[in-house]
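# Coordinate analysis (summary)
Listed here are the chains, written in short residue letters.
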Amino acid sequence: MSDTRRTLLVTGGCGFIGANFIRLLQRRFPSWRVVNLDKLTYAGNLQNLAGIAEGERYRLVRGDICDAELLDSLFASEGFDTVVHFAAESHVDRSIVGPGEFIRTNIHGTFTLLEAARRHHLATKGSEKARPCFLHVSTDEVYGSLGATGLFSEETAYDPRSPYSASKAASDHLASSYFHTYGLPVRITNCSNNYGPYQFPEKLIPLMFNNALQGKPLPVYGDGRNVRDWLYVEDHCEAVVEVVEGGRDGETYNVGGNNERQNLEVVTLICDLLDRKVGPLPSGQPRRSLITHVADRLGHDRRYAIDAGKIRRELGWEPKVGFAEGMERTVDWYLGNRRWVEDIVNGAYRFYYDEMYGKLGAAATGGRGDL
Ligand code: NAD
Ligand code: DAU
């Protein structure tokens, strides 16, 4: 991988995958500058980037990808040659209860960002600075649900079935249309379920970890036999780097862990790891006894599984972290960072920004004090 200078706009960098991605870039690419544009919704957490100082290599801007004026001013002042677009509403259950924000951020926000990139691309086309790449980070859920066999390939027809996956499918189509219509150098990744440090405890693995640690019921939807293809988050971030560095414009790359697991299998593994690491429940019962079957998710997709052959063949990417190792690392990280989880559960994490923004003043919003 090269370390030639790049100036990246990373959207949603205070979320789970975005924060892991920025941390990876900090370790690996000393000459890359990252501007992290994040609205700091409930899912954005400044603690995810604790220890990363603002300066030559990193700048935080609190702002909304739906704000065209802010985007134009950032493109003009920073001259981005690379956009890595993570910002989204990401939780399927929330999309079932309230789809509106998913339509706004995932569809209208992606459209607004594509428009800003198009204006910037036109303005800089042919100049020495022009080496743009717009990577849209998306999901395998756009392909719908599999039966007992088969894999999602890049040729699988889209068949989204939740408001979340429909909004991501729409944003994929928009991104792809900007390549075909305007020649914007768009690339798309469609990835399977991630797990690892800094995942918001609404998602299966950190939610089950936290409940199991506290001896609370573990709510498994339906029969618990739904299958997801789990990938350690750092492996996903490495795949994103590979596509930025070596991917082809206009192409889609599927990213997956080759690691299909039924939900019950994942939950029992978390229980057993915790029993081993911190001992059984005070009653002496194993944590598996907390598993409680609850009503199924509406429209619950049965099985996802990715064929990641294209990115392996073209870019040499393969997952490095196996599931047993990844889950050990994940459980150890959550055990070692209990305060991080507690602060989310009790809401304290929402105050970090106010504290930090007070120190940074208007500079943190690119001078726009109204954000
Ligand atoms: P997340 O919910 O943890 O983080 C989303 C981030 O985006 C937060 O920091 C939030 O503040 C920010 N954000 C939300 N709306 C915004 C807006 N309007 N403007 C600016 N910032 C905004 O999400 P995640 O799990 O890290 O997922 C990141 C991306 O990867 C998403 O696009 C998601 O669809 C995709 N993806 C996720 C997974 C997964 O397993 N988590 C798998 C495949 C693809
Ligand atoms: O496949 C990629 C997608 O993976 C991403 O695009 C999404 O952003 C991400 O949230 C994730 O979606 P899922 O719906 O698969 O993840 P979640 O962690 O919400 O659920 C995983 C499985 O566990 C799913 O079958 C539902 C089930 N589940 C989830 C929760 C939160 C339960 O049984 N109980 C629960 O409490």
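Residues numbered from 1 in each chain as written. Chains lettered and ligands numbered in written order. Predicted model: local features only at pLDDT ≥ 70, side-chain atom pairs only at ≥ 80, totals over all residues. Heavy atoms only, no water.

## Remarks on the pattern of salt bridges
Scanning the model with the defined rule gives 30 salt bridges in all. The salt bridge involving Asp249 is made with Arg187; its shortest N-O contact spans 2.8 Å. Of this pair, Asp249 sits in the loop between helix H7 (233-246) and strand S11 (252-255) while Arg187 sits in strand S6 (residues 186-191), and the two are 62 residues apart along the sequence. Put simply, Lys320 and Glu238 hold a salt bridge, and the shortest N to O gap is 3.5 Å. Of this pair, Lys320 sits in the loop between helix H9 (309-315) and helix H10 (323-336) while Glu238 sits in helix H7; the two residues are 82 residues apart in sequence, bridging distant segments of the chain. Here Glu238 falls in the buried class, since its relative accessible area comes to 12%. Shared partners join several salt bridges into a network, and the residues in it are Lys39, Asp64, Glu101 and Arg104. (Salt bridge = Lys/Arg side-chain N within 4 Å of Asp/Glu carboxyl O. Helix = DSSP H or I, 4+ residues; strand = E, 2+ residues; numbered from the N terminus. Buried < 20%, exposed > 50% of the residue type's maximum accessible area, 1.4 Å probe, protein only.)

## Focus on the packing of helix H4 (residues 100-124) against helix H5 (residues 163-182)
The geometry of H4 relative to H5 is characterised by a closest axis approach of 8 Å and an angle of 15 degrees between their N-to-C directions. Between H4 and H5, the crossing angle belongs to the class labelled roughly parallel. Crossing hand, H4 versus H5: right-handed. Judged by residue contacts, Phe102, Ile103, Asn106, Ile107, Thr110, Phe111, Leu114, Glu115 and Arg118 of H4 engage Tyr164, Ser167, Lys168, Ala170, Ser171, Leu174, Ala175, Tyr178 and Tyr182 from H5. (Axes fitted to C-alpha atoms, helices over the stretch in contact; angles between N-to-C directions. Parallel < 35°, antiparallel > 145°, perpendicular 65-115°, else oblique. Left-handed = near helix turned anticlockwise from the far one by under 90°. Contact = heavy atoms within 4.5 Å.)

## Looking at the sheet that holds S11
Ordered in space as S3-S2-S1-S4-S5-S6-S11, the seven strands form an open sheet in which the pairing is parallel. With partners counted over all chains shown, the strands left at the sheet margins are strand S3 (58-62) and S11, one partner each. When the angles between neighbouring strand axes are averaged without regard to direction, this sheet yields 20 degrees. Judged from the four bridges that link them, strand S1 (residues 6-11) and strand S4 (residues 82-85) form a sheet pairing that is parallel. Bridge pairing in S4 links Val10 to Val84. Packed onto the sheet, H4 meets S1, S4, strand S5 (133-139) and S6 and runs at close to 165 degrees relative to S5. Across the face of the sheet, H7 comes into contact with S1, strand S2 (32-38), S4, S5, S6 and S11 while running at roughly 145 degrees to S5. (Pairing = 2+ DSSP bridges.)

## What about the site of ligand 1?
The immediate surroundings of ligand 1 are formed by 28 residues, with Ile17, Asp38, Ser90, Tyr164 and Lys168 found nearest. Gly15 is positioned such that a nitrogen or oxygen atom in its backbone is 2.9 Å from an oxygen atom of ligand 1. The side chain of Asp64 places a nitrogen or oxygen atom 3.0 Å from a nitrogen atom of ligand 1. Look at ligand 1: alone it shows 830 Å² of surface, and the protein chains cover 96% of it. When contributions to the shell around ligand 1 are tallied by element, the ones reaching two or more residues are helix H1 (16-28), S5 and H5. With three residues, S5 is the single largest residue contributor to the shell around ligand 1. Split by residue class, the shell around ligand 1 holds 12 nonpolar, 12 polar and four charged. (Near = heavy atom within 4 Å. Polar contact = N/O pair within 3.5 Å; in protein donor to acceptor, adjacent residues only side chain to side chain. Areas by Shrake-Rupley, 256 points an atom, 1.4 Å probe, with all protein chains shown as cover. Nonpolar A, V, L, I, M, F, W, Y, C, P; charged D, E, K, R; others polar.)

Taken by themselves, the reported measurements are silent on function.
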